[in-house]
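# Close look at the chain arrangement
Listed below are the residues making up each chain.
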Amino acid sequence: MNRYFFALNLSHKSKKQLIRWRDSELPLPCQKVAEDNLHITLSFLGQLTDGQKQLLLSGAQQAAESLGEETITPLAINRLGYFKRPKVLYLANDDIPPWQNKLASALKTQAQNVGLHQEDRRYLSHITLYRKVTGLPKELPLPSMQIPVDRFSLFQSVSTETGVRYQAVKTWRLTDN
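### Points about the pairing of strand E1 (residues 3–8)
- Across the 6 residues of E1, 5 count as buried, placing the element largely inside the fold.
- Where E1 meets strand E3 (residues 40–47), 6 bridges bridge the pair, whose relative direction is antiparallel. Residue Tyr 4 lies in a different strand from E3, and its bridge partner there is Gly 46.
- With 6 bridges joining them, E1 and strand E9 (residues 151–160) adopt antiparallel strand pairing. Considered in E9, the bridge of Phe 6 is made with Leu 154.

### Considerations on the sheet that holds strand E2 (residues 31–32)
- The strand order E2-E7-E6-E5 describes an open sheet built from 4 strands, whose pairing is antiparallel. With one partner strand each, in any of the chains shown, E2 and strand E5 (79–83) form the two edges of the open sheet.
- Here strand E6 (residues 88–92) pairs with strand E7 (residues 126–131) via 4 bridges, running antiparallel. By the bridge assignment for E7, Leu 91 is matched with Ile 127.
- Most of the contacts of helix H1 (residues 12–25) go to E7, to which it runs at about 45°, and overall it touches E2, E5, E6 and E7.

### Observations regarding the pattern of salt bridges
- Scanning all chains against the criterion turns up 8 salt bridges.
- The partner of Lys 32 in a salt bridge is Asp 23, with the nearest N and O atoms 3.3 Å apart.
- Taking the relative accessible area as the measure of exposure, Lys 32 reaches 44% and is therefore partly exposed.
- A residue is classified by how much of its surface remains accessible, and Asp 23, at 34% relative accessible area, is partly exposed.
- Across the pair Arg 173 and Asp 150 runs a salt bridge, and its minimum N-O distance is 3.8 Å. Of this pair, Arg 173 sits in strand E10 (residues 163–173) while Asp 150 sits in the loop between strand E8 (145–147) and E9, placing them 23 residues apart in sequence.

### Here we look at helix H3 (residues 98–113)
- With 16 residues, H3 ought to run about 22 Å at 1.5 Å a step, and its terminal C-alpha atoms sit 22 Å apart, in line with that.
- Lining the buried residues of H3 we find E1, E3, helix H2 (50–66), strand E4 (75–77) and E9.

Rules used in this analysis
Here the residue numbering is sequential within each chain, running from 1 through the sequence in written order. pLDDT decides what is reported in this predicted model: residues at 70 or higher carry local features, side-chain atom pairs at 80 or more are listed and counted, and totals for whole chains, interfaces and linings draw on all residues regardless. Hydrogens are left out, water is left out, and the side-chain values use all remaining heavy atoms of the structure. When a residue's accessible area, from a 1.4 Å probe over protein chains only, is under 20% of the maximum for its type it is buried; when over 50% it is exposed; and in between it is partly exposed. Labels follow the DSSP assignment, with helices taken as runs of H or I lasting at least four residues and strands as runs of E lasting at least two, numbered in each case from the N terminus. What makes two strands pair is DSSP finding at least two bridges between them. For this analysis, residues touch if any pair of their heavy atoms sits within 4.5 Å. To obtain an axis, a line is fitted to C-alpha atoms, over the contacting stretch when the element is a helix, and the angle between two such axes runs from 0 to 180 degrees between their N-to-C directions. Here a salt bridge means any side-chain nitrogen of Lys or Arg lying within 4 Å of a carboxyl oxygen belonging to Asp or Glu. One less than the residue count of a helix, multiplied by 1.5 Å, gives the span that helix is expected to have.

Given below as structure tokens:
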């Protein structure tokens, strides 16, 4: 059974920008996240039944519509972070815009409503760059980039011979542009 999550989609241009920055400013001998897998998680769901998936698809549509007149601002990526237990190095935006918090909260509530466990902690917007990081350089570069976002998706994690691939199941636009 595949694992599922909601995430903000990154444009091809943004993914290229992130990869260029990672490879030039922070080349590490660790497992790089594939360019196609770069995203910003909104809510991790895990395994789903068909019924749960259908309810979440409907709920995500409601969440997208609830943003209504919100101004979808670009994300100011300005910090590097490290999750010790999963050994993940990531980029983050310290200032999470109201629309992003509102969407993440709505999707978390939808997940809880269909019986899925959601961690009880503050939402942390991040883009995973490396996995299996065993040591960090003494000095880390400070990122500074604007990442425009105009859609989010329900993704499924698909195992392949070459590694995990994230495949969009359904996508919703955040703007009318």
